[in-house]
Amino acid sequence: VSVIPHSNLGTTAKSHPTFWFSLPETNGQKSVEFRLYDETDTLIYSTPVNTSNEYGLSEFQLPETAPALVVNETYRWALTLSCNSPSQSPVLGLDGWVRRVDIASNLSSQLSTASAEERIGLYRTAGIWQEQVTELLTLRRNNIDDIELQLEWTALIQPTGLTSHLANNITDNMTAIETTALSAPTEQY
């Protein structure tokens, strides 16, 4: 499961945003890969990903070695999970879209001095999904029993069709194993 808006298009103000996923529990070995495609569906970045063996939400921040997202461009991302278990589907895939947006200088200024709770509201008002989710889940990670944060999480994801229990177990971060910038091959997903 990916934490994305109902429209399947998340917005970000960052050149290297954070994505949130909940991978299913698996038996046996698994391999996970993250891919990023440009607007022409050309593969521009691919990396295998280390994941936690725990079930729950994990974050994957696009590494600085990956191409920076360009303002006002839309990208397709894909996360694939390959399992070596006869009782499970051999390949599971998630995909979605992310668009980098420019933020006004007054919003940037407000964000730089705001508390984490205030930043969530500022991102919500500006319609910046990726950072709103990251701020909220980072707070949830450190305050899992906070009722107000639970209600805010439920309100955020309710329109997406996800269930609120997903944020009750926030696991270790997913990390790129090795990064490869791609320029030549064109691959369709």
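Going along each chain's sequence as written, the residues are numbered from 1 onward. Owing to the predicted nature of the model, reporting of local features is limited to residues with pLDDT of at least 70; listing and counting of side-chain atom pairs is limited to 80 or more, with chain, interface and lining totals taken over all residues. Excluded from the side-chain calculation are hydrogens and water; included are all heavy atoms of the structure.

A closer look at the confidence of the model for the protein chain
What pLDDT expresses is the predictor's confidence in each residue, scored from 0 to 100. Within the protein chain, residue pLDDT values average 80, and 73% of them lie at 70 or more. Taken element by element, the predicted model of the protein chain shows its lowest mean pLDDT in strand β9 (residues 180–181) (44) and its highest in strand β1 (residues 9–12) (94). Of the regions scoring below 50 in pLDDT, residues 179–189 engages in 28 contacts with residues more than four places distant in sequence or in other chains. Helix and strand labels come from DSSP, where a helix needs a run of H or I of at least four residues and a strand needs a run of E of at least two; each type is numbered from the N terminus. Whether two residues are in contact is decided by their heavy atoms: any pair within 4.5 Å suffices.

Describing the pattern of salt bridges
A pairing counts as a salt bridge when a side-chain nitrogen of Lys or Arg comes within 4 Å of a carboxyl oxygen of Asp or Glu. Using the criterion set out here, one finds 6 salt bridges in the structure. A network of salt bridges, in which partner residues are shared, links Asp-41, Arg-76 and Asp-95.

Notes on the environment of Thr-74
Its location among the elements puts Thr-74 in strand β6 (residues 74–83). For Thr-74, a relative accessible area of 16% gives the class buried. Placed 24 residues apart in sequence, Thr-74 and Val-98 show a C-alpha to C-alpha distance of 5.7 Å. Discounting chain neighbours no more than four positions away, the residues touching Thr-74 are Leu-9, Asp-38, Glu-39, Trp-97, Val-98 and Arg-99. Burial here depends on accessible area, computed with a 1.4 Å probe over protein chains only, as a share of the maximum for the residue type. Under 20% is buried, over 50% is exposed, and the range in between is partly exposed.

Notes on the packing of helix α1 (residues 105–113) against helix α2 (residues 116–126)
Interhelical geometry of α1 versus α2 gives an angle of 160° and a closest axis separation of 9 Å. It follows that α1 is roughly antiparallel to α2 by the angle criterion. Note that α1 runs across α2; the crossing there is left-handed. Between α1, through Leu-107, Gln-110 and Leu-111, and α2, the contact on the second element is made entirely by Arg-119, Leu-122, Tyr-123 and Ala-126. Here the nonpolar group is Ala, Val, Leu, Ile, Met, Phe, Trp, Tyr, Cys and Pro; Asp, Glu, Lys and Arg are the charged ones; every other residue, Gly included, is treated as polar. Class assignment for the residues of the contact of α1 with α2 results in 5 nonpolar, 1 polar and 1 charged. The axes used here are C-alpha line fits, helices contributing only the stretch in contact, and every angle between their N-to-C directions lies in the interval 0 to 180 degrees. Note on angle classes: values under 35 degrees are labelled roughly parallel, values over 145 roughly antiparallel, values of 65 to 115 roughly perpendicular, and the remainder oblique. Left-handed describes a crossing in which the near helix is turned anticlockwise from the far one by less than a right angle; the clockwise case is right-handed.

Some details on the nonpolar core
Put simply, buried Ala, Val, Leu, Ile, Met, Phe, Trp, Tyr and Cys residues joined by side-chain atoms within 4.5 Å make one nonpolar core. Ranked by internal contacts, the top residues of the largest apolar core, which has 20 residues, are Phe-19, Phe-34, Leu-36, Leu-62 and Trp-77. Put simply, the parts of the chain that give this core at least two residues each are β2 (18–22), β3 (30–37), β4 (43–50) and β6. Counting residues per element, this core draws most heavily on β6, at 5 residues. If near-sequence neighbours (up to four positions away) are discounted, Phe-19 is found in contact with Phe-34, Ser-58, Glu-59, Phe-60, Leu-62, Trp-77, Val-98 and Gln-130. Membership of the second largest hydrophobic core comes to 14 residues, among which are Leu-57, Trp-153, Leu-156 and Ile-157.

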